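Examining the three-dimensional arrangement
Chain by chain, the residues:
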Amino acid sequence: MPNTRRLTRLARLTRLALAASLVLSAPSLGAQGARATTARPDSSRLTLARIFGSREFASHGTPSLRWTANGKGYTALEPSATVPDARELVRYDAASGRRDVVVSAQRLVMPGDSAPIDVDDYQFSPDGRRLLIFTNAQRVWREYTRGDYWVLDVAGGTPRELGGAAAKSDSLMFAKFSPNGDRIAFVRANNLYVENVATGVVTPLTTDGSRTIINGTFDWVYEEELSLRDGFRWSPDGTHIAYWQLDDSGVRNFLLIDDTDSLYSYTIPIQYPKAGTTNSAARVGVVSASGGATQWLAVPGDPRQHYVARLEWASGSNEVVLQQLDRRQHNLAVMLGDARTGAVRTVLTEHDSTWVEVVDDLRWIDGGRQFTWVSERDGWRQLYAVSRDGRSIRKLTTGAFDLQNPDAAFGDPYVVGVDSAAGWIYFTASPDAPTQLYLYRARLDGHGRAERVTPKNEPGTHTYSVAPGGEFAIHEYSTFTTPRVYELVRLPSHEVVRTLSDNAELRARLASLDRGKVQFLRVPARDGTLLDAWVMTPPGFDPSRKYPVLFTVYGEPAAQTVLDAWSGDYLWHLMLTQQGYVVASIDNRGTPAPRGRAWRRSIYGAIGVLSSQDQADGARALAKQLPFMDSTRIGVWGWSGGGSMTLNLMFRSPDLYKVGMSVAPVPDERLYDTIYQERYMGLPQENPDGYRRGSPITYAANLRGDLLVVHGTGDDNVHYQGTERLINALVAADRPFTMMAYPNRSHCICEGAGTRLHLYGLLTRYLETHLPASPTVEAAAGTQ
């Protein structure tokens, strides 16, 4: 269940933001309707209200789909045919498409309720006889991980709430079945418990949980956010549980201030280790699922100066495999730990003078005698097979290309499936086009070259969820201008068995819009390095004219912006092109593009320096290569790391960028967390000059153009503190700027009625005011 939390969270936030926007924008929508008696709105033109104040351009996916244990079918939540506004759980046979209702909507009515519950997530027991339902999800830090769990027998009977008598007073986290389905483990109040499904008896496995001692949860940075994940693992035989224990004592609190939710303001303490400060201490242990003492693993090294970054059972119930990083993240050790004695031995090490990546692709093969591994040790991200004792390391892929996954920063793997019976392993890569992604397979014996599985005539971005056994896969694909399509395909033929969702309604609406063209190209940096870019031109484009340009940027190691894939900001950018803007983006060195280790590691110790230089070089080169781009009217905007990049460009290249819109930036790199910032910059005590040179606040006095800074005061990821320090620096330098604070909004700036509509309205108006398009274009159209 935790593997789908990100999808659940994003879907929930999107629903909340769009619903809230509808409420706030109702009067203006009504006014538009009144004016329609004299002038019908042009359906080919986008407006903020259409994009952010309605569901007109909503995209549909398959977030509730789960493979069955045998890989021959899949389950999903679908609207009930008999109960309005409710869903039921269904199972499909992959080959035939036969659909069976497994749990009807009527059975999702919990005791004491009159309507079915809203299912946030679900999980079948391995034998398929029982169902675990997660509902009433609550946000913990940045994830919806706490809530209520109900268990029911698929064959019939009344659902029962998990957690015993205490369930009503204290929500649970990360519940999951034992391998034989007779027990469920969960976390409550920082302690780990096991409940017998048949009897309801709850057994505590830990009792020392507190605000600072945290059992059974685990935090790691995904996509530049510290995120909570389930921190325990059932042994394959169901007799033991391996788990993390974190000791947060010594980690200082950062205080968020809530000024609006009560008569008097109050603070919200968040334990947050900033770069260079005290980290949590982590240890891992194994405990009997029936209770008793924990056998702690004798992992070497100071636990506050190391991370136990991954923990799994090692293809059996006698040993666990863990990955340990030193704090500077130069060295990674793969260790096997004896579950009975706690003894630990190292079987593999990785070293890099910059940083090493934790591997989410460790899969046991050959009956547990080998495991798969991903490494950049030869300069490219390649796939290896390693013997259990570490003495044999052999390559499964060869060539000057990287395994790739755009969502690797979220913990999504590069290896998407293994067909052990046929001797193949499946992974995603794009050897010839860093902006795209395809499915490949390689032989487990290492013979031959990797084969492309995605058809040659299908460009774009292709991701896959391969079924157990490797016979089927859910194939998701999109391009820059076409929304996602979801198909069931056979492997390795890639034969389409059926289309699951094609977003036909959205495609039809997009087809009716007035759209210009998008062009992918490469431009040189000052040293000749080629940078990938895309450029969107207005409808009715006239190459003899000069157009103002808005660059959208990110530029950090967590994500690319130059991808041939459907993006959430595409519609807003399209609206701007309809108003007469050219919109463009460039991927600088240091982004996670599949262009080799040297490309990605080039920014080590100096984030913000080479990356902003590449962005400015690329913008100048584009303006020379494409004469219709007006080099005297260039703007830039970005969010989070992109907000930081926007500040760097406005301060470091004030002659080039005339307008900047920075959302939730990190103006001072010393203010971000240890695990992310130290990975790419080292410790501030050891690299003070790098932190100074990389931080936009250092150059705030250079501001010459028009700058808008936007931040949520409740941002627990990128603290509002940084923006306040930036304000002080700009004031001290007597530099004019514009500021918008959204009270109590987090990093997404999406909570509260109408927030997203208001935010993008603010950005649009600021751009129109300070970087107006051609007077012949009706700039006001987008603000209606």
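Presented here is an overview of the structure given in this document. The structure displayed is predicted, hence computed values, not measured ones. Chains are numbered independently. Their residues run from 1 in the order of the written sequence. Owing to the predicted nature of the model, reporting of local features is limited to residues with pLDDT of at least 70; listing and counting of side-chain atom pairs is limited to 80 or more, with chain, interface and lining totals taken over all residues. By convention in this description, side-chain values take in all heavy atoms of the structure and omit both hydrogens and water.

For the rest of this paragraph, the subject is the nonpolar core. Each nonpolar core is a collection of buried residues, namely Ala, Val, Leu, Ile, Met, Phe, Trp, Tyr and Cys, held together in the definition by side-chain atoms within 4.5 Å. Buried residues are those whose accessible area, probed at 1.4 Å on protein chains only, stays under 20% of the maximum for their type, while exposed residues exceed 50% and partly exposed ones sit between those limits. Within the largest apolar cluster, 41 residues are counted, with the highest numbers of intra-cluster contacts made by Trp-572, Trp-637, Met-661, Tyr-760 and Leu-763. Within the residue set of this core, elements represented by two or more residues are α2 (48–52), α3 (504–511), β39 (530–536), α4 (570–578), β42 (629–639), β43 (659–663), β44 (706–712) and α11 (755–770). The secondary structure listing takes helices from DSSP runs of H or I that are at least 4 residues long and strands from runs of E that are at least 2 residues long, numbered from the N terminus. With seven residues, α11 is the single largest residue contributor to this core. Aside from chain neighbours lying at most four places away, what touches Met-661 is Leu-550, Trp-572, Val-636, Trp-637, Gly-638, Thr-646, Leu-708, Leu-763, Tyr-766 and Leu-767. Core analysis: the second largest hydrophobic core is formed by 38 residues, Ala-525, Leu-531, Leu-622 and Met-645 among them. Contacts are residue-level and defined by heavy atoms, with any inter-residue pair within 4.5 Å sufficient.

The four strands are arranged β30-β31-β32-β33 in an open sheet whose pairing can be described as antiparallel. At either margin of the open sheet sits one strand with a lone partner, and together these are β30 (415–419) and β33 (451–452). When DSSP finds two or more bridges between two strands, those strands count as paired. One ladder, built from six bridges, connects strand β31 (residues 424–429) with strand β32 (residues 438–443); its direction is antiparallel. Bridge pairing in β32 places Tyr-426 opposite Arg-441.

So, on to helix α10 (residues 720–732). In this model α10 runs 19 Å from its N-terminal to its C-terminal C-alpha over 13 residues, within 8% of the 18 Å that 1.5 Å per residue would give. When α10 is considered as a whole, its buried residues turn out to be Tyr-720, Gly-722, Thr-723, Leu-726 and Leu-730. Buried residues in α10, looked at end-on, bunch into an arc of 150°, giving them a common side. When the buried face of α10 is taken as reference, the exposed residues oriented beyond 90 degrees from it are Asn-728, Val-731 and Ala-732. Asp-734 sits one or two residues past α10 and shows a positive phi near 55°. An expected span of 1.5 Å times one less than the residue number is assigned to each helix. As used here, the arc belongs to the directions running from the helix axis to the C-beta atoms.

Aromatic contacts are taken between Phe, Tyr and Trp rings whose centres are within 6.5 Å, Trp giving its six-membered ring; a plane angle under 30 degrees counts as stacked, one over 60 as edge-to-face, and the others as tilted. Across all of its chains, the model carries 24 aromatic pairs by this definition. Judged by centre distance (5.1 Å) and plane angle (50°), the ring pair of Trp-566 and Tyr-570 falls under tilted. Tyr-570 shares its class with Trp-566; the two are buried. Here the aromatic residues Trp-355, Tyr-604, Tyr-672, Tyr-676 and Tyr-680 are joined through ring pairs into a cluster of three or more. Whether a charge lies above a ring is judged from NZ of Lys or CZ of Arg, which has to be within 6 Å of the ring centre and within 35 degrees of the ring normal. Arg-595 extends its terminal NZ or CZ atom over the ring of Trp-599, reaching a point 4.0 Å from the ring centre.

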